[in-house]
Amino acid sequence: IIHPTVMAADGKPMSKSRGNGVDPLKLMQDYGADGMRYGLLMQVTGAQDMKFNEAKLESSRNFANKVKNASRFVLMNLEGFEPGEPEPTTPADRWIFSRLAKIVAAVDEGYDNFEFGDITRELYSFVWNEFCDWYIEFSKARLAADADPADRLACQRNLVFVLGQILRLLHPIMPFITEEVYGEMPVKEEGAPMLIVASWPDAQALAAYVDEDAERAIAMVCEVVGAIRSTRSRYGISPKVALPVAVKVDAETDAALLLAQAHLIGQLANVEEFDVAVETSKPAESTVVLGTGLEVYVVLAGHVDFAAERARLQKERDGLAKDAAKFEKKLSNPGFLAKAAPEIVEKDKAKLADLTDKLQRLEAQIAELG
């Protein structure tokens, strides 16, 4: 598990006679030592053989740059910073602290089970998608020069705390970049001038931050904002143009959670009107983006060719139908059901159910377009 056999991309063992080996020194020169380490571990699946994919090293090098850029953003926005305890005051704060608590627990479990590939993939998703792409963006308005000083300081402390925990989690796999960033941090652990001797994140202490409501609320915010932005991009609509948006959710609790974040959605996506309801119909001349347990309707009157929108939905439907057919075939195979772990079977069944649900909703939307 720790040292799987690294095979060439074609599945054949690397050897001098075949000439299909790779020079680790050359890889480090091209992708950095941290990029090479992270990229190799991302390819570990638990099997004894591993097909080497150099593209994974490229994505890991980009990830390393993402970590450096995010760290630079935090460190450049600490004017007036005073050390103090972190305090998740906003839903976005409570979301990232909750996600941090869960990722620390998942990483601990991964190390206990020697699942190094799973650790790198989960950290990649958390750091890139949740911390860098979303939490930092949520923080920008709070760090502005005209922001409330007390809220600005709270935001700074939270950013420093979460970044510090991320550096610890990444350090065993990406030691050089994380040590460099730690050296620039305004707060260091007492008795730990270097990251390598700093304490590991305490999963038990962090568990107090788990907040399912905050996670659901911000997950919906991300889906809604992403849906609006993707719609703008698809149709070439300027971010300066305010758009009316309606969201259909599955439960009243989701409606309340999402409505409470209307100001955040308006701030990130320039929304003119924002309506959320369990029972709502698709507005005229609007496009739909499907999310987990919700439908986002973006009103595009005067901006969109609806014949093209109909064609897009039909293409999306065909793709989903193709994916659903693959899962149906897989789950109807007695050999797969006999050999696969129960959790894998259940995961595939859940994916098929999600695809089926989205297909049904797409069919309904296409029918509405006529």
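Quick note: structure is the one above.
Just so we're clear, the structure is a prediction, and the values are computed from it rather than from any experiment.

Trainee: Tell me what's going on with the overall build of the protein, and back it up with residues and numbers.
Mentor: Within the protein, the secondary structure is distributed over 14 helices and 6 strands. Considering only C-alpha atoms, the protein reaches an extent of 60 × 60 × 35 Å along its principal axes. Counting only residues that meet the buried cut, the protein has 42% of its 370 residues in that class. Of all intrachain contacts in the protein linking residues separated by at least 6 positions in sequence, the fraction that spans at least 24 positions is 72%. Here the protein contributes 42 positively and 57 negatively charged side chains, and the mean placements of these two sets differ by 8 Å.

Trainee: Outline the nonpolar core, supporting the account with residue identities and numerical values.
Mentor: By size, the foremost hydrophobic cluster in this structure holds 81 residues, and its most contacted members are Phe131, Phe138 and Leu258. Sort the elements by how many residues they give to this core and helix α5 (residues 116–143) lands first, with 13 residues. Residues within four places of leucine 258 in sequence aside, it is in contact with Met220, Val221, Val224, Val247, Val249, Ile265, Phe274 and Val276. Judged by nonpolar contacts, the second largest core, of 17 residues, contains Val288, Val345, Leu362 and Ile366.

Trainee: Explain the packing of aromatic side chains to me, using residue names and the numbers behind them.
Mentor: Counting across every chain of the model gives 12 aromatic pairs. Measuring from ring centre to ring centre gives 5.9 Å for tryptophan 95 and phenylalanine 138, while their planes differ by 75°; the resulting arrangement is edge-to-face. Here tryptophan 95, found in helix α4 (residues 91–112), pairs with phenylalanine 138, found in helix α5; they are 43 residues apart in sequence, far enough to count as distant. Members of the aromatic cluster, connected to one another through ring pairs, are Tyr38, Phe63, Tyr124 and Trp128. For lysine 188, the ring lying beneath its charged end belongs to tyrosine 182, and the centroid distance is 5.9 Å.

Trainee: Residue-level account of the sheet that holds strand β3 (residues 243–249), with values.
Mentor: Whenever strands of a sheet pair, they do so through backbone hydrogen bonds, lying parallel or antiparallel. What the 4 strands build is an open sheet, ordered β4-β3-β6-β5; its pairing is mixed. Lying at the two open borders of the sheet, with one neighbouring strand each, are β4 (271–277) and β5 (286–291). For this sheet the average axis-to-axis angle between neighbouring strands, irrespective of direction, equals 20°. Two strands pair when backbone bridges link them, and β3 and strand β6 (residues 294–299) are joined in this way by 5 bridges, in the antiparallel orientation. Each residue of the ladder has a partner; that of valine 247, found in β6, is valine 296. With respect to the sheet, helix α9 (residues 212–235) is in contact with β3, β4, β5 and β6, its orientation differing from that of β6 by roughly 40°.

Trainee: Give me the layout of surface pockets: which residues, what numbers.
Mentor: Its boundaries defined by the atoms lining it, the largest pocket holds a volume of some 460 Å³. Lining the largest pocket are 22 residues, and of these Phe161, Gln165, Arg168, Val187 and Glu189 lie nearest its centre. Per element, the largest residue contribution to the lining of the largest pocket is 6 residues, and it comes from helix α6 (residues 149–170). Tallied by class, residues from the lining of the largest pocket come to 11 nonpolar, 4 polar and 7 charged.

Trainee: Requested: an account of helix α7 (residues 175–184), with residues and values cited.
Mentor: Every buried residue of α7 is listed here: Pro175, Ile177, Thr178, Glu179, Val181 and Tyr182. Close packing links the buried residues of α7 with α2 (33–42), α3 (54–76) and α6.

Trainee: An account of a nonpolar patch on the surface is needed here, citing residue identities and associated values.
Mentor: Together, Met194, Ile196 and Val197 line one region of the surface with nonpolar side chains, adding up to about 310 Å² of accessible area. With respect to the helices and strands, valine 197 occurs in the loop between α7 and α8 (203–206). Assessed through its relative accessible area of 53%, valine 197 is described here as exposed.

Cut-offs applied
Residues numbered from 1 in each chain as written. Predicted model: local features only at pLDDT ≥ 70, side-chain atom pairs only at ≥ 80, totals over all residues. Heavy atoms only, no water. Helix = DSSP H or I, 4+ residues; strand = E, 2+ residues; numbered from the N terminus. Buried < 20%, exposed > 50% of the residue type's maximum accessible area, 1.4 Å probe, protein only. Contact = heavy atoms within 4.5 Å. Lys, Arg positive; Asp, Glu negative; His and termini not counted. Charge placed at Lys NZ, Arg CZ, Asp CG, Glu CD. Core = buried A, V, L, I, M, F, W, Y, C linked by side-chain atoms within 4.5 Å. Phe/Tyr/Trp six-rings, centres within 6.5 Å; stacked < 30°, edge-to-face > 60°. Lys NZ or Arg CZ within 6 Å of the ring centre and 35° of its normal. Pairing = 2+ DSSP bridges. Axes fitted to C-alpha atoms, helices over the stretch in contact; angles between N-to-C directions. 1 Å grid on protein atoms, 1.4 Å probe; cavity = no way out; pocket = protein on both sides within 12 Å on 5 of 7 lines; lining within 4 Å. Points joined across faces, edges and corners; volume = space filled by probe spheres on them. Nonpolar A, V, L, I, M, F, W, Y, C, P; charged D, E, K, R; others polar. Patch = residues over 30% accessible without salt bridge, like charges linked within 9 Å, V, L, I, M, F, W, Y side chains within 5 Å. Areas by Shrake-Rupley, 256 points an atom, 1.4 Å probe, with all protein chains shown as cover. Salt bridge = Lys/Arg side-chain N within 4 Å of Asp/Glu carboxyl O.

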